Amino acid sequence: MAAGRQQMDCDSRQPSALLTPPMSSSSRGPGAGARRRRTRCRRCRACVRTECGDCHFCRDMKKFGGPGRMKQSCLLRQCTA
């Protein structure tokens, strides 16, 4: 009889696994989904200034002779708004 009971337990677990809905990105918890990009306001002093050419992000830029791997804005151009 114990063998029959174990068989029923295994059979009862199987349909619940099939009925479980797939997890969406919103139900995975905070920070698990795609990150939002910050955009510049284009009005503050930092947004309207030109690149310095001296910080480590500028030195990485292709236009200043770097490899362009970091793909970050100049430290002085990071929006304050």
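Model, not experiment: these values are computed from the prediction.

Rules behind the numbers
- Residues numbered from 1 in each chain as written.
- Predicted model: local features only at pLDDT ≥ 70, side-chain atom pairs only at ≥ 80, totals over all residues.
- Heavy atoms only, no water.
- Helix = DSSP H or I, 4+ residues; strand = E, 2+ residues; numbered from the N terminus.
- Buried < 20%, exposed > 50% of the residue type's maximum accessible area, 1.4 Å probe, protein only.
- Contact = heavy atoms within 4.5 Å.
- Areas by Shrake-Rupley, 256 points an atom, 1.4 Å probe, with all protein chains shown as cover.
- Lys, Arg positive; Asp, Glu negative; His and termini not counted.
- Salt bridge = Lys/Arg side-chain N within 4 Å of Asp/Glu carboxyl O.

Enquirer: Give a description of the overall build of the protein that names residues and reports values.
Expert: Across its full length, the protein carries 3 helices and 0 strands. Starting at the N terminus, the α and β elements of the protein follow one another as α-α-α. Counting all 81 residues of the protein, 16% fall into the buried class. Pairs at least 24 residues apart make up 37% of the contacts formed inside the protein by residues separated by at least 6 positions. For the protein, the accessible area works out to roughly 7,500 Å², and carbon and sulfur atoms hold 52% of it.

Enquirer: Got a sec to walk through unusual backbone geometry? Specific residues and values, please.
Expert: Glycine aside, residues mostly have negative phi angles, and peptide bonds mostly take the trans form. Unusually for a residue other than glycine, R42 sits at a positive phi of about 65°. Along the polypeptide, R42 turns up in the loop between helix 1 (2-19) and helix 2 (45-48). Phi angles above zero are rare outside glycine, and K71 is one such case at about 55°. Relative to the helices and strands, K71 resides in the segment after helix 3 (56-60). Relative accessible area serves as the criterion here: at 69%, K71 is assigned to the exposed category.

Enquirer: Break down the side chain of D60 for me, citing the residues and quoting the values.
Expert: With respect to the helices and strands, the residue D60 is situated in helix 3. In this structure, D60 is buried with no salt-bridge partner, the nearest side chain bearing the opposite charge being R69 at 6.1 Å. Aside from chain neighbours lying at most four places away, what touches D60 is G66, P67, G68, R69, M70 and K71.

Enquirer: How would you summarise the pattern of salt bridges if you had to cite specific residues and measurements?
Expert: Under the definition given, this model contains 2 salt bridges. A salt bridge links K63 to E51, with the shortest nitrogen-to-oxygen separation between them at 3.0 Å. A residue pair is termed long-range when its members are at least 10 positions apart, and K63 in the segment after helix 3 and E51 in the loop between helix 2 and helix 3 qualify at 12 residues. Of the residues examined, K63 reaches a relative accessible area of 57% and is grouped as exposed. What makes E51 partly exposed here is its relative accessible area of 23%.

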